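Examining the three-dimensional arrangement
So you can see what is in the structure, the chains are spelled out below.
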Amino acid sequence: GQVLEQLDGARERMATRRFVDRISGKPIGEVTISVGLTDVFKHGDMGHALRAADEALYKAKESGRNRVEIG
């Protein structure tokens, strides 16, 4: 829903930016964001919710990074 759209939009904006080292002025490349997202109300307790989000994060990283996965 709305949270997924906002996170994906932030991820896209970050991926298009080019960062520069403030001291040397040299480019440091791009920064990408990988996100693991879950609905805490779909889990029995906060521990299960955190594990689901963590698993979704690892899935995002293993699937090529720079993406949002829902767990």
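The model shown is predicted, which means the values in this text are computed figures rather than measured ones. (Residues numbered from 1 in each chain as written. Predicted model: local features only at pLDDT ≥ 70, side-chain atom pairs only at ≥ 80, totals over all residues. Heavy atoms only, no water.)

**Looking at the side chain of Thr38**
Inclusion rule: In this text, helices come from DSSP runs of H or I with a minimum length of four residues, and strands from runs of E with a minimum of two, each type numbered from the N-terminal end. Burial classes follow relative accessibility: with a 1.4 Å probe on protein chains only, a residue under 20% of its type's maximum area counts as buried, one over 50% as exposed, and anything between as partly exposed. Throughout this description, a polar contact denotes any pair of N or O atoms lying within 3.5 Å of each other; where both atoms belong to protein, one of them has to be capable of donating a hydrogen while the other can accept it, and for residues adjacent in sequence the pair is counted only when both atoms sit in side chains. Throughout, a residue-residue contact means that at least one pair of heavy atoms, one from each residue, lies within 4.5 Å.
One can find Thr38 in the loop between β3 (35-37) and α2 (46-62). A residue is classified by how much of its surface remains accessible, and Thr38, at 16% relative accessible area, is buried. Within the structure, Thr38 has its side chain in polar contact with the side chain of His43 (distance 2.8 Å). Within the structure, the side chain of Thr38 is placed 2.8 Å from the backbone oxygen of Gly71, a separation counted as a polar contact. Aside from chain neighbours lying at most four places away, what touches Thr38 is His43, Ala49, Ala52, Ala53 and Gly71.

**Brief notes about the pattern of salt bridges**
We count it as follows: Salt bridge, as used here, is a side-chain nitrogen of Lys or Arg placed within 4 Å of a carboxyl oxygen of Asp or Glu.
Summed over the entire model, instances satisfying the criterion amount to 5 salt bridges. Asp8 serves as the salt-bridge partner of Arg11, at 2.8 Å between the closest nitrogen and oxygen. Placement of the pair is Arg11 and Asp8 together in helix α1 (residues 2-16), with a separation of 3 residues, close to one helical turn. The buried category is assigned to Arg11, whose relative accessible area is 11%. The partner of Glu30 in a salt bridge is Arg18, and the shortest N-O contact between them spans 3.4 Å. With a gap of 12 residues between them, Glu30 in the loop between β2 (27-29) and β3 and Arg18 in the loop between α1 and β1 (19-20) connect regions that are remote in the sequence. Here Arg18 falls in the exposed class, since its relative accessible area comes to 56%. Residues joined by salt bridges that share partners form a network here, namely Asp8, Arg11 and Glu12.

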